[in-house]
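Here is how the chains run, residue by residue.
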Amino acid sequence: MISVKNLSMSFGDFKAVDNLSFDIKPGDIVGFLGPNGAGKSTTMKMLTGFLNPTAGEIRIFEMPMPESATAIQKQIGYLPEGAPAYGDMTPLQFLNFIAEIRGLKGENKKQRIKEVIEQVELGDMLDRPIENLSKGFKRRVGLAQAIIHDPDILILDEPTDGLDPNQKHQVRELIQNLSKDKIVIISTHILEEVSAVCNRAMIIAGGKMLFDASPEELVKRSKYYKAVGIHFSKLADISGLAELEGVAEMEVDSQSGKVTLFPDKDVDLLPVVADYIQQRNLPVDTLYTEQGRMDDVFRMMTTEGAL
Amino acid sequence: MNNTLIIFKREFSSFFATPVAYVFIAIFLILSGVFAFNIGGLYERGQADLIPFFNFHPWLYLFLVPAMAMRTWSEERKSGSIELLMTLPVTIWEAMLGKFLAAWAVLGLSLALTFPLWLTVNYLGNPDNGIIVAAYIGSWLMAGAFLAIGLCMSAMSKSQVVAFILAVVLCFLFVLSGSDMVLDAFKAWLPPVLLDTLASFSFLTHFQAMAKGVLSLSDVGYFLIVIGVWLYAGLRVIEQKKAE
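Rules of the game
Residues numbered from 1 in each chain as written. Chains lettered and ligands numbered in written order. Predicted model: local features only at pLDDT ≥ 70, side-chain atom pairs only at ≥ 80, totals over all residues. Heavy atoms only, no water. UniProt positions renumbered as here; feature names shortened; annotations may be inferred. Helix = DSSP H or I, 4+ residues; strand = E, 2+ residues; numbered from the N terminus. Buried < 20%, exposed > 50% of the residue type's maximum accessible area, 1.4 Å probe, protein only. Contact = heavy atoms within 4.5 Å. Polar contact = N/O pair within 3.5 Å; in protein donor to acceptor, adjacent residues only side chain to side chain. Patch = residues over 30% accessible without salt bridge, like charges linked within 9 Å, V, L, I, M, F, W, Y side chains within 5 Å. Areas by Shrake-Rupley, 256 points an atom, 1.4 Å probe, with all protein chains shown as cover. Salt bridge = Lys/Arg side-chain N within 4 Å of Asp/Glu carboxyl O. Buried area = accessible area lost by both parts, 1.4 Å probe. Core = buried A, V, L, I, M, F, W, Y, C linked by side-chain atoms within 4.5 Å. Domains from an automatic or database assignment. 1 Å grid on protein atoms, 1.4 Å probe; cavity = no way out; pocket = protein on both sides within 12 Å on 5 of 7 lines; lining within 4 Å. Points joined across faces, edges and corners; volume = space filled by probe spheres on them. Nonpolar A, V, L, I, M, F, W, Y, C, P; charged D, E, K, R; others polar.

- As recorded in an unreviewed UniProt entry, chain B goes by the name ABC transporter permease subunit, listed as coming from Neptunicella marina.
- Recorded in UniProt for chain B, the comment headed Subcellular location (unreviewed entry) runs: "Cell membrane".

- The name given to chain A in an unreviewed UniProt entry is ATP-binding cassette domain-containing protein, and the organism recorded there is Neptunicella marina.
- Its UniProt record gives chain A the following Sequence similarities (unreviewed entry) comment, quoted word for word: "Belongs to the ABC transporter superfamily."

Have a look at this one:
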């Protein structure tokens, strides 16, 4: 259980985090979204005890941070931004070091190291200095050290940044396979990632919380949510579409010829549109309902202040 | 304490994973030999002791120890690994102590490797080995004081070069604070009490007695206090600057 109240952090005159409050329960996989410099990393740094807040209160498992930092840190696995590690060590030495600091000993330690190496598929790279590894492998080493002690809270700052699509997929699977009663917080720029692995999305911009609900809720805020897209195989009279019951707006992309119909609130447009097309025998080759565009909502929310 | 030991092990092996320790030991051994024989005249004096050898230690440490200490925290801050370290269940104090002890152990090892010199004087004559042991301990303590200053300066800057220069300058002041050169500069406007205090900060004065084999409580205590104070200062610096 993480409970944050009125959390603020300033660097000089700059307010990096401004009066954030939220609670996170076990089982929550939270996606931290926000533009660069929104305060995501700073919030994570405060949650993990690296930075001390200028105001506000953090309680993790009923213990105050930073006062009980060490006790809390034992239960947190953290991947800082950029996955820093000791470059002169090999992954094996490094994981061994982290495991020892995490209080793992003897057989148990060996077993855990072996397990995380398998989980992040570090196999062939165990004996090369970390500084010589590729970005993707460095990230995996960082992930491995974060989960080595099977923490109750996992905080990952841009875990998939710089990974190729296969590696991204792997990391997502890894997060999904963690047991269900853990708290996971990941920050990311990749919106699809949030719908793929998270059950809760938080949007932060300018240090303020703009949105905190499920990714589905986020999608629903999109103009495109349940909008109907139509593509015609040849020219057709579409003027009637905009007049249909429940259509709020029609948009025609002059380049691709794609027509998008935006519904009034809570209206299911597809049957109406399908009927209309059938009656008029319009030459439609594609007809689909949009799922809503996250990047659209994201852009709308995070640039509102600037506009 | 257990954490300190784990960090000690990591730092110590890191000195040997990078060539730092080897370079340091090699240069220390060569230079201490050159100073003792060529400049100090260890043979020519015709005395069975190691005083010429120990007399040059402050000057050797002045450049070598800051060079060794400079990367300790700068590197952590530059690479960002400090964020990892500080979010592990480790206190800054444990980390600082582990790092200090690891570097101090390398310094101790370098000192221990000068043993052929000790064998030589024993072969050539009958030195007072008690004095030599005391001088070794004194030299190691002084090296620790240099190191603590170096660690604190390393915490000040992300740049190793800046850390090195700051440390050399500070160490230089501490070495020379008892000398006429520094005291003359302050004589005009400092009251005598402060002048005496300044003079008593000198590494040289405290070390000279130890090089002659006198391990007095005040000298040993002085170096231990210097170590403690600078490590604590480094700790505060890290707390202040870790976020930058």
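And the narrative resumes.
Quick notes on the overall build of chain A
Next, step 1: Helix and strand counts for chain A come out as ten helices and 14 strands.
Next, step 2: Its C-alpha atoms give chain A principal-axis dimensions of roughly 75 × 45 × 35 Å.
Next, step 3: Out of the 307 residues belonging to chain A, those deemed buried represent 51%.
Next, step 4: Partitioning the intrachain contacts of chain A with sequence separation of at least 6 by distance along the chain shows that 66% fall at a separation of at least 24.

As for the side chain of A:Ser41
All names here are of chain A.
Next, step 1: Tracing the sequence through the fold places Ser-41 in helix α1 (residues 40-47).
Next, step 2: Looking at Ser-41, its side chain comes within polar contact range of the side chain of Glu-81, at 3.2 Å.
Next, step 3: The residues touching Ser-41, leaving out its near neighbours within four places in the chain, are Glu-81 and Asp-157.

A look at a nonpolar patch on the surface
Residues and elements named next belong to chain B.
Next, step 1: Taken together, the side chains of Leu-109, Leu-113, Phe-115, Trp-118 and Leu-119 make up a nonpolar region of the molecular surface, amounting to roughly 410 Å² of accessible area.
Next, step 2: A total of three residues in the nonpolar patch trace back to one element, the largest contributor, which is helix α8 (residues 115-124).
Next, step 3: Relative to the elements of secondary structure, Leu-113 occurs in the loop between α7 (92-112) and α8.
Next, step 4: Taking the relative accessible area as the measure of exposure, Leu-113 reaches 34% and is therefore partly exposed.

Description of the interface of chain B and chain A
Next, step 1: In this complex, chain B contributes 25 residues to the contact, which on the side of chain A involves 23 residues.
Next, step 2: Both faces considered, chain B and chain A share a buried interface measuring about 2200 Å² in area, 66% of it formed by carbon and sulfur atoms.
Next, step 3: Connecting chain B to chain A are four salt bridges.
Next, step 4: Across the pair B:Glu83 and A:Lys45 runs a salt bridge whose closest N-O atoms are separated by 3.9 Å.
Next, step 5: At the junction of chain B with chain A, the criterion picks out five residue pairs in polar contact (both at pLDDT 80 or more).
Next, step 6: Elements with a contribution of two residues or more to the side of chain B that touches chain A: α1 (2-17), α5 (71-79) and α6 (81-87) of chain B.

A closer look at the nonpolar core
Next, step 1: Ranked by internal contacts, the top residues of the largest apolar core, which has 153 residues, are A:Ile185 and B:Phe203.
Next, step 2: Considering every element that reaches this core, the biggest residue donor is helix α9 (residues 129-156) of chain B, with 15 residues.
Next, step 3: Among residues more than four places away in sequence, those in contact with A:Ile185 are A:Ile2, A:Ile24, A:Val30, A:Phe32, A:Met44, A:Leu47, A:Leu154, A:Ile155 and A:Leu156.
Next, step 4: Counting residues in hydrophobic clusters, the runner-up holds 14 residues, among them A:Phe232, A:Leu241, A:Leu269 and A:Leu282.

Quick word on the pattern of salt bridges
Next, step 1: The final tally for this structure, using the stated rule, is 22 salt bridges over all chains.
Next, step 2: One salt bridge connects A:Glu100 with B:Lys9, and the closest N-O pair in it is separated by 3.4 Å. Placement of the pair is A:Glu100 in helix α3 (residues 91-101) and B:Lys9 in helix α1, with the two residues belonging to separate chains.
Next, step 3: Accessibility expressed as a relative area gives 45% for B:Lys9, which makes it partly exposed.

A few points about the environment of A:Pro271
All names here are of chain A.
Next, step 1: Relative to the helices and strands, Pro-271 resides in helix α9 (residues 270-280).
Next, step 2: Judged by its relative accessible area of 45%, Pro-271 falls in the partly exposed class.
Next, step 3: Sequence spacing of Pro-271 and Ile-101 is 170 residues, and the spatial spacing of their C-alpha atoms is 61 Å.

What to know about the domain arrangement of chain A
Next, step 1: According to the domain assignment, chain A contains domain 1 (2-220) and domain 2 (228-290).
Next, step 2: Look at where the C-alpha atoms of domain 1 of chain A and domain 2 of chain A centre, and you get two points 44 Å apart.

A few points about empty space enclosed by the protein
Next, step 1: According to the stated counting rule, one finds two cavities of 30 Å³ or more in the structure shown.
Next, step 2: For the largest cavity, the full set of lining residues is A:Gln119, A:Val120, A:Arg140, A:Leu143, A:Gln170, A:Val171 and A:Leu174.
Next, step 3: Of all the secondary structure elements, the ones that give two or more residues to the lining of the largest cavity are α5 (135-147) and α6 (165-176) of chain A.
Next, step 4: Here the lining of the largest cavity takes three residues from α6(A), the largest share from any one element.
Next, step 5: In terms of residue class, the lining of the largest cavity is made up of four nonpolar, two polar and one charged.
Next, step 6: B:Asp49, B:Leu50, B:Ile51, B:Phe54, B:Ile131, B:Ile132, B:Ala135 and B:Ala211 are the residues that line the second largest cavity.
Next, step 7: Contributing elements (two or more residues each) for the lining of the second largest cavity: α3 (51-55) and α9 of chain B.
Next, step 8: At three residues, α9(B) tops the list of elements feeding residues into the lining of the second largest cavity.
Next, step 9: Of the residues that constitute the lining of the second largest cavity, the class distribution is seven nonpolar, no polar and one charged.

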